[in-house]
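Remarks on the overall topology
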Amino acid sequence: MKQVQNAIDAEIDKKKRFYPNKEALLLPVLHAAQRAYGWLPHDVMEMVAKSLELPLPKVKQVTSFYTMFYKKPVGECHLQVCNNIACYLRGSSDVIHYIENKLGILPGETTKDGLFTLTEVECLGSCGTAPVIQINDDYFESVSRSDVDKILEAKQ
Amino acid sequence: MGTITFNGKEIPFDEGDNIIEAAKKAGTEIPHYCYHPGLSIVAQCRMCLVEIEGARKLATACSTPCNNGMVVSSESPTVKEAVSGVQEFLLLNHPLDCPICDQAGECSLQEYSLKHAASDCRTDLNRRTYIDIDMGPSIKKNMNRCIHCTRCIRYCNEVGDIYEMVALQRGNNTEIVTVDDKPLMTAYSGGLADVCPVGSLTTKDFRFSKRVWYLRRNDSICDGCSKGCNITVSHEKNLVFRLEPRENQEINKWWMCDEGRYGFHFAQSPSRVLAPAVKGGGSMESAQWSEAGARFNDLVVGAQSIAVVASADITNEEADLLKSSLPKAELYSYSPSVDSSSEDKALDHLIRRKDKSPNLKGLEGRGYSAFSKFNPSKFNLVVYASGGKVRPPYGIAKLSETTVGLGVFLKEEVDGFDVILPGPSWLEKEGSFTNYDEINQHFGQAIRPIGLAKPMSVVLSKYLADSVWQAG
Ligand code: SF4
Ligand code: SF4
Ligand code: FES
């Protein structure tokens with residue numbers, strides 16, 4: 001927790017002058033806290049709220065709005081499969097089902113070993129290379145079943 | 001100052017007016033949900049779309065300030081189509097359960113649907129459904145009917161000074177909740193039902209007690225503290241059902257507190273004394289007006305020294321009347337929370353005051369002394385006048401030889417009195433209160449006196465002998 005607090009403080013110090021008010025600064029600080037802790041449990045949100053002197057409900061409201069803020073722990077490898085119209089037309093549903101079967105989890109769930117989390121997401125802005133999977137911070141484009149096999153193997 | 005052309009007519013606007021306000025002053029309502037003149041502007045419901053000449057897109061009237069010479073239409077075919085589209089979207093998830101919704105009859109969604117939307121429904125999608133949830137002591141939430149205008153959230157932050165209420169999730173899944181199901185603890189929670197434009201947030205006190213179209217409304221003044229908030233009284237068949245704030249920019253703006261809002265119940269409580277009573281063999285017994293009145297007169301005529309002690313919730317007119325009809329009496333005022341108006345102060349950031357009586361200033365101005373100066377042993381007769389909500393000091397009647405109660409009393413308070421002459425509460429009479437700021441406010445009568453209660457003017461003129469009046 002000490003590290004998380006340090007990460008929060010460092011981010012506030014660094015970004016303060018670029019943001020017009022505390023409300024605006026909240027987003028980068030939440031990202032920093034999430035990078036440090038992995039996800040955003042109540043205690044971390046409270047820490048952010050205190051550090052920025054914002055009401056805790058405001059922080060919870062913001063984190064609940066953005067799916068990129070995790071309210072549950074996520075696996076080391078976070079598979080975010082786009083299922084918006086372009087990816088859908090190019091077979092993303094099939095990709096999702098394939099991963100479901102392979103890992104034995106449904107979207108929103110994490111494997112028992114804590115390695116993989118599967119999430120169905122909205123447009124990733126890469127429609128030209130649909131279907132797309134975002135794994136942590138990287139894009140994997142035009143994926144097929146065999147690509148999925150390769151990716152999962154590499155991560156295991 | 002300037003003018004805009006609105007729907008072909010030139011209308012004036014004041015500095016800072018947005019288009020909704022300017023139109024309102026000219027007598028046209030531009031439909032709106034998220035906009036409330038007392039809250040910050042977010043322009044998110046899109047119901048107030050208007051067409052402005054020269055602008056590329058439709059604009060939201062709530063967030064667009066008037067500019068001299070602006071040409072605005074709220075009636076063009078483009079606007080009509082857009083507004084009916086917005087309304088249709090808002091109804092996608094709405095249960096349309098007006099027949100069992102308490103807001104029906106005063107619901108913006110219902111009114112605007114009638115005026116601005118198509119009468120049929122083009123979808124058969126499932127509605128989101130939630131169960132009703134208690135939100136603290138005063139409010140019940142029905143999330144099914146919510147249109148996500150966020151007025152309630154802004155009201156909590158900006159008026160109630162609490163931050164518990166938030167919108168979780170987004171889009172179709174947005175849900176208005178209190179974080180971690182915390183109860184809404186603010187002295188102004190009742191106002192959430194006022195600002196919610198639909199039947200999502202209702203007060204537990206009023207919900208399901210009366211269809212609003214049966215209610216008759218009268219303007220009045222709250223008697224809960226020295227602020228003197230302006231209110232509207234809703235009543236039917238001589239029963240009051242609710243109080244709501246009435247806008248007065250000088251005093252309460254658009255708001256009132258919960259204590260004032262729900263404070264009227266005492267006047268209709270079963271323990272209020274509604275018939276004259278005289279002391280029999282030890283306890284109080286109901287009596288005819290003639291008998292109790294005669295006893296009152298005898299006591300006044302026979303008394304060497306008289307004091308009038310008045311709760312600071314009698315009207316200025318009643319105070320004058322007591323002074324002139326009991327010319328020999330010494331006059332005292334009583335407020336439960338302060339001895340004199342100099343101790344009064346604001347209780348919070350908004351409107352509530354420490355002095356929990358509405359008219360201490362008025363009584364002081366009429367020569368009524370502070371209660372701390374009152375020495376009961378000096379008097380043979382005390383006439384205690386009670387105008388309403390302020391409860392008399394405990395055991396007041398036992399302090400002097402004889403005591404007459406004039407006005408509003410509860411059964412548990414009459415012990416020790418010699419005569420009780422029931423009078424109307426502030427909702428049952430007209431008069432005026434002077435607030436802490438020396439603003440004198442007249443209010444009208446909302447309902448008839450309850451039970452056998454008689455106005456003070458009638459009691460004093462009818463039962464007191466002429467000799468008493470002329471004694472001074
Ligand atoms: S509960 Fe009422 S005031 Fe709050 S967002 Fe919903 S409709 Fe608006
Ligand atoms: S602030 Fe005072 S006058 Fe206003 S509503 Fe509350 S009790 Fe009544
Ligand atoms: S009232 Fe203007 S957008 Fe809601």
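Residues numbered from 1 in each chain as written. Chains lettered and ligands numbered in written order. Predicted model: local features only at pLDDT ≥ 70, side-chain atom pairs only at ≥ 80, totals over all residues. Heavy atoms only, no water.

Examining the overall build of chain A
In terms of regular secondary structure, chain A is built from 7 helices and 4 strands. Start at the N end of chain A and walk to the C end: the helices and strands fall as α-α-α-α-β-α-α-β-β-β-α. Counted over contacts in chain A with a minimum sequence separation of 6, partners at least 24 positions apart contribute 59%. Averaging the locations of the 18 positively and 20 negatively charged side chains of chain A gives two centres separated by 5 Å. (Helix = DSSP H or I, 4+ residues; strand = E, 2+ residues; numbered from the N terminus. Contact = heavy atoms within 4.5 Å. Lys, Arg positive; Asp, Glu negative; His and termini not counted. Charge placed at Lys NZ, Arg CZ, Asp CG, Glu CD.)

Observations concerning the overall build of chain B
Of the regular secondary structure elements, chain B holds 11 helices and 22 strands. A principal-axis box enclosing the C-alpha atoms of chain B has dimensions of 85 × 50 × 35 Å. Relative to its full complement of 472 residues, chain B shows a buried share of 57%. Across chain B, every contact between residues at least 6 apart in sequence was considered, and the portion connecting residues at least 24 apart equals 62%. Working note: accessible area of chain B is about 20,600 Å², and carbon and sulfur atoms make up 51% of it. Computed over 52 positive and 59 negative side-chain charges, the separation of the two mean positions in chain B equals 2 Å. (Buried < 20%, exposed > 50% of the residue type's maximum accessible area, 1.4 Å probe, protein only. Areas by Shrake-Rupley, 256 points an atom, 1.4 Å probe, with all protein chains shown as cover.)

Side note on the interface of chain A and chain B
The interface of chain A with chain B comprises 10 residues on the first partner and 11 residues on the second. Overall, the association of chain A and chain B removes approximately 880 Å² of surface from exposure, summing both partners, and the carbon and sulfur fraction of that is 58%. Interface area lost by chain A to chain B is led by P57, Q61 and F65 of chain A, which between them contribute 49%. At the boundary of chain A with chain B, the tally comes to 1 salt bridge. Close ionic contact of K60 of chain A with D180 of chain B constitutes a salt bridge, the shortest N to O distance being 3.3 Å. Where chain A meets chain B, there are 4 residue pairs in polar contact (both at pLDDT 80 or more). (Buried area = accessible area lost by both parts, 1.4 Å probe. Salt bridge = Lys/Arg side-chain N within 4 Å of Asp/Glu carboxyl O. Polar contact = N/O pair within 3.5 Å; in protein donor to acceptor, adjacent residues only side chain to side chain.)

Some thoughts on the site of ligand 2
Around ligand 2 sit C222, G224, C225, K227, G228, C229, M256, C257, G260, I351 and R352 of chain B, and those are all the residues in its vicinity. Residues that form the shell around ligand 2 fall into these classes: 6 nonpolar, 3 polar and 2 charged. (Near = heavy atom within 4 Å. Nonpolar A, V, L, I, M, F, W, Y, C, P; charged D, E, K, R; others polar.)

Remarks on the pattern of salt bridges
Residue and element names in this part refer to chain B. All chains considered together, the criterion is met by 33 salt bridges over all chains. A salt bridge links R246 to D219; the nearest nitrogen and oxygen atoms lie 3.6 Å apart. Of this pair, R246 sits in the loop between strand 13 (239–245) and helix 6 (258–262) while D219 is found in strand 11 (residues 216–221), placing the two residues 27 residues apart along the sequence. We classify R246 as partly exposed; its relative accessible area is 22%. Ionic pairing is found between K429 and E318, a salt bridge with its closest N-O pair at 3.1 Å.

Some details on the site of ligand 1
Near ligand 1 lie 13 residues; those nearest to it are C146, C149, T150, C152 and C196 of chain B. Counted by class, the shell around ligand 1 contains 9 nonpolar, 3 polar and 1 charged residues.

What about the packing of aromatic side chains?
All names here are of chain B. Applying the stated criterion across every chain yields a total of 16 aromatic pairs over all chains. Ring centres 5.8 Å apart and planes at 10° place the aromatic pair W289 and Y463 in the stacked group. One end of the pair, W289, is in helix 7 (residues 289–302); the other, Y463, is in helix 10 (residues 456–463), with 174 residues separating them in the sequence. For the residue pair W289 and Y463, the accessibility class agrees, reading buried in each case. The interplanar angle of 40° and the centroid separation of 4.8 Å between the aromatic rings of F433 and F443 together place this pair among those described as tilted. Within this pair, whereas F433 is found in strand 21 (residues 431–434), its partner F443 is found in strand 22 (residues 440–443), the two being separated by 10 residues in sequence. Assessed through its relative accessible area of 2%, F433 is described here as buried. Since its relative accessible area comes to 2%, F443 is described here as buried. (Phe/Tyr/Trp six-rings, centres within 6.5 Å; stacked < 30°, edge-to-face > 60°.)

Description of the domain arrangement of chain A
As far as domains go, chain A holds domain 1 (2–65) and domain 2 (77–155). The distance between the C-alpha centroids of domain 1 of chain A and domain 2 of chain A comes to 29 Å. (Domains from an automatic or database assignment.)

Quick look at the pairing of strand 18 (residues 381–386) of chain B
Residues and elements named next belong to chain B. Within strand 18, 6 of the 6 residues are buried, which leaves it mostly tucked inside the rest of the structure. Residues of strand 18 alternate between two faces, with L381, V383 and A385 on one and V382, Y384 and S386 on the opposite face, all of them buried. Here strand 16 (residues 306–311) runs beside strand 18; their pairing, made up of 5 bridges, is parallel. Each residue of the ladder has a partner; that of A307, found in strand 18, is V382. (Pairing = 2+ DSSP bridges.)

Brief notes about unusual backbone geometry
The omega angle of the peptide bond from A130 of chain A to P131 of chain A is -5°, so this bond is cis rather than trans. Within the secondary structure, P131 of chain A sits in the loop between strand 2 (116–121) and strand 3 (133–135). Phi is positive for F208 of chain B, close to 65°, though the residue is something other than glycine. Inspection of the secondary structure puts F208 of chain B in the loop between strand 10 (201–203) and strand 11. Using a relative accessible area of 55% as the deciding quantity, one classes F208 of chain B as exposed. Despite not being glycine, N238 of chain B shows a phi value in the positive range, around 65°. Position of N238 of chain B among the secondary structure elements: in the loop between strand 12 (230–236) and strand 13.

Focus on the domain arrangement of chain B
Split by domain assignment, chain B resolves into domain 1 (2–90), domain 2 (98–268) and domain 3 (277–469). Just the C-alpha atoms count here: the centres of domain 1 of chain B and domain 3 of chain B sit 52 Å apart.

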